[in-house]
Amino acid sequence: MKRILLCWMLLALLTGCGKAGEPVPEEVPEEAEALSGEELVSSAMAAYAEITKDLTFTLYVEEEDATGISLSITPEAARNVAGQENLFSIGYQWEPASAKAWGEQWSDIKSRGRLFAMSAPDGEATLQCCAGGDVVMWNVDGETHYARVTATEDGGPGLDDLLRGIAEDALREAAFSAPTVDGAETDCEEIARQLNEAMAENVRSVPDWVTWKPLDFQASGASVFDAYYGQPENFCAGLGFRLLVDDPYGEMANSWQAGAGLGEPDADGYYGWGGAAAIRKNADGNWCCDGLATGGSSVELPLSAPGAEAPLSELVDAFFLTEGESHDWLVPYYILEQPAEDMAALPALLDQRTEEETRELCGALGTCLREHPDTWDWTPETLAAALGRYGAYLDA
């Protein structure tokens with residue numbers, strides 16, 4: 001069994017490490033004719049909008065020690081990207097700066113701190129700023145501009161905080177959606193367990209500057225609750241984790257809060273956290289998921305029409321290819337939603353099944369009717385009559 005643990009290189013997201021492909025120029029270009037403060041902010045807004053217009057761009061983050069990561073931002077990881085340029089004129093003050101000022105800031109790596117550089121896919125539009133400096137550089141429409149940018153409110157977040165937030169969202173998306181498990185593995189519980197462990201390791205491996213990174217993050221178990229064994233085979237599993245934070249009400253814990261909060265810690269001070277993963281095979285044939293969902297999840301059924309609109313024969317076939325919630329509730333729900341004239345074909349479909357299978361499906365329909373008597377027009381008695389000799393199996 002092969003498990004691909006991503007650790008620092010978060011496959012689908014990180015396109016490079018170190019200085020390779022770094023978008024920061026070795027020589028600072030001369031700027032175009034100086035713009036006024038109002039013109040500067042307008043130009044910077046245009047640069048940001050051009051870079052992010054398709055929610056697909058590159059964000060390079062360089063540490064103080066000159067190591068860095070190149071993040072390929074995608075729409076899935078760009079939750080807080082669109083329209084952020086509208087904050088430029090509200091949250092920041094823009095004053096003219098020079099290429100020399102940017103060059104001095106950029107070259108003094110100890111004082112400039114972490115560098116953030118975003119660029120459009122074609123590399124024509126870029127925007128760069130530093131955590132420890134207030135000079136910003138950008139390129140748009142073939143021209144390079146510089147400005148000294150400070151927060152409107154004293155102590156307010158700088159432009160680097162906005163870009164850091166984009167990077168943090170991307171790293172979180174990758175931590176939970178990038179892990180894969182060898183497609184040769186067939187045990188759903190084992191696949192879910194490996195993904196659970198891989199996600200925990202990814203979270204532990206994100207850079208220390210990420211505000212949501214816990215002090216520790218451990219997998220606490222996985223459980224499959226829904227499965228479809230037809231084609232394409234897929235299943236859903238609940239993945240649990242234990243996280244350690246410095247303050248359950250602080251910035252580190254903020255991203256892990258759900259509903260009323262983290263609840264109570266266990267004896268070791270760890271908080272419980274988790275979600276549901278819809279797991280399927282990717283284009284390479286390996287098992288993967290699209291991250292975690294906090295709401296309900298169910299398997300993908302390859303029906304020719306949505307839910308109860310699917311033909312009864314397809315729903316009967318799907319019932320015998322599922323296990324878990326879809327088998328016990330969802331597919332029977334769809335069947336019971338069928339019009340009475342369509343349900344008249346059910347006995348003939350049951351004739352094609354074994355005795356055990358017939359009892360299984362009829363028993364599931366009977367259980368749904370008894371546990372949710374007001375959901376359908378059917379009653380156990382009317383359905384039994386429609387099923388003919390199979391009606392007695394509703395109590396199976």
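Residues numbered from 1 in each chain as written. Predicted model: local features only at pLDDT ≥ 70, side-chain atom pairs only at ≥ 80, totals over all residues. Heavy atoms only, no water.

Participant: I would appreciate a short explanation of the overall build of the protein chain in the present structure.
Facilitator: Each helix and strand counted, the protein chain has 13 helices and 15 strands in total. Compactness check: the protein chain gives a C-alpha radius of gyration of 28 Å against a globular reference of 21 Å for 396 residues, more than 25% above the reference. Projecting the C-alpha coordinates of the protein chain onto the three principal axes gives extents of approximately 90 × 45 × 40 Å. Relative to its 396 residues, the protein chain shows a buried fraction of 47%. Of the contacts made within the protein chain by residues no fewer than 6 positions apart, 69% connect residues no fewer than 24 positions apart. (Helix = DSSP H or I, 4+ residues; strand = E, 2+ residues; numbered from the N terminus. Rg over C-alpha atoms; globule rule 2.2 N^0.38 Å. Buried < 20%, exposed > 50% of the residue type's maximum accessible area, 1.4 Å probe, protein only. Contact = heavy atoms within 4.5 Å.)

Participant: Mind showing me how you'd approach the packing of helix H8 (residues 312–319) against helix H9 (residues 325–336) here?
Facilitator: What describes two packed helices is the angle between their axes and the distance between those same axes. Their axes nearest at 9 Å, the elements H8 and H9 cross at an angle of 170 degrees. When the axis of H8 is compared with that of H9, the two are roughly antiparallel. Contacts between H8 and H9 involve Leu312, Leu315 and Phe319 on the former and, on the latter, His327, Val331, Pro332, Tyr334 and Ile335. Grouping the constituent residues of the contact of H8 with H9 by class yields seven nonpolar, one polar and no charged. (Axes fitted to C-alpha atoms, helices over the stretch in contact; angles between N-to-C directions. Parallel < 35°, antiparallel > 145°, perpendicular 65-115°, else oblique. Nonpolar A, V, L, I, M, F, W, Y, C, P; charged D, E, K, R; others polar.)

Participant: I'm lost on helix H6 (residues 188–205) in this one. Help?
Facilitator: Because each turn of an α-helix spans 3.6 residues, side chains separated by three or four positions end up pointing in the same direction. An ideal rise of 1.5 Å per residue puts 26 Å on 18 residues; H6 measures up with 26 Å between its terminal C-alpha atoms. In this structure Asp187 caps H6, since a side-chain oxygen of it lies 2.9 Å from the backbone nitrogen of Glu189. (Expected span 1.5 Å × (residues − 1). Polar contact = N/O pair within 3.5 Å; in protein donor to acceptor, adjacent residues only side chain to side chain.)

Participant: Got a minute to help me understand the environment of Asp187 in this structure?
Facilitator: The residue Asp187 is located in the loop between strand E10 (180–181) and H6 in this model. Taking C-alpha positions, Asp187 is 11 Å from Phe235, a pair spaced 48 residues apart along the chain.

Participant: Would you take a moment to explain the nonpolar core for this structure?
Facilitator: One broad trend across soluble globular proteins is that nonpolar side chains are buried collectively. The biggest cluster of nonpolar side chains holds 69 residues, and the ones touching the most others in it are Trp94, Trp138 and Ile279. In terms of residues, this core owes the most to one element, helix H5 (residues 159–177), which gives nine residues. Apart from the residues lying within four places of it in its own chain, the contact partners of Trp94 are Gly37, Leu40, Val41, Ala44, Phe88, Trp138, Ala147, Arg148, Val149 and Leu159. Grouped together as the second largest cluster of nonpolar side chains are 34 residues, Cys236, Val299, Cys362 and Trp378 included. (Core = buried A, V, L, I, M, F, W, Y, C linked by side-chain atoms within 4.5 Å.)

Participant: Which parts of the structure should I look at to understand the side chain of Arg114?
Facilitator: For Arg114, the location among the structural elements is in the loop between helix H4 (109–112) and strand E6 (115–119). Of the polar contacts made by the side chain of Arg114, one reaches the side chain of Glu63; its length is 3.2 Å. When residues no more than four places from it in sequence are discounted, the contact partners of Arg114 are Val61, Glu62, Glu63, Glu64, Cys129, Cys130, Ala131 and Trp209.

Participant: How do you make sense of the packing of aromatic side chains when you look at a structure like this?
Facilitator: Applying the stated criterion across every chain, the model contains 21 aromatic pairs. Ring geometry for Phe241 and Trp273: centres 5.9 Å apart, planes at 40 degrees, overall tilted. Separated by 32 residues along the polypeptide, Phe241 in strand E12 (residues 234–244) and Trp273 in strand E13 (residues 271–281) bring together distant segments of the chain. Relative to Tyr393, the ring of Tyr390 lies with its centre 6.0 Å away and its plane at 50 degrees, an arrangement referred to as tilted. Looking at Tyr393, the relative accessible area reads 12%, which means it is buried. Feature note: the residues Phe176, Trp212, Phe217, Phe241, Trp256 and Trp273 constitute an aromatic cluster, connected by ring pairs. A cation over a ring is seen here: Arg172 above Trp212, with NZ or CZ 5.6 Å from the ring centre. (Phe/Tyr/Trp six-rings, centres within 6.5 Å; stacked < 30°, edge-to-face > 60°. Lys NZ or Arg CZ within 6 Å of the ring centre and 35° of its normal.)

Nothing here speaks to function; it is geometry throughout.
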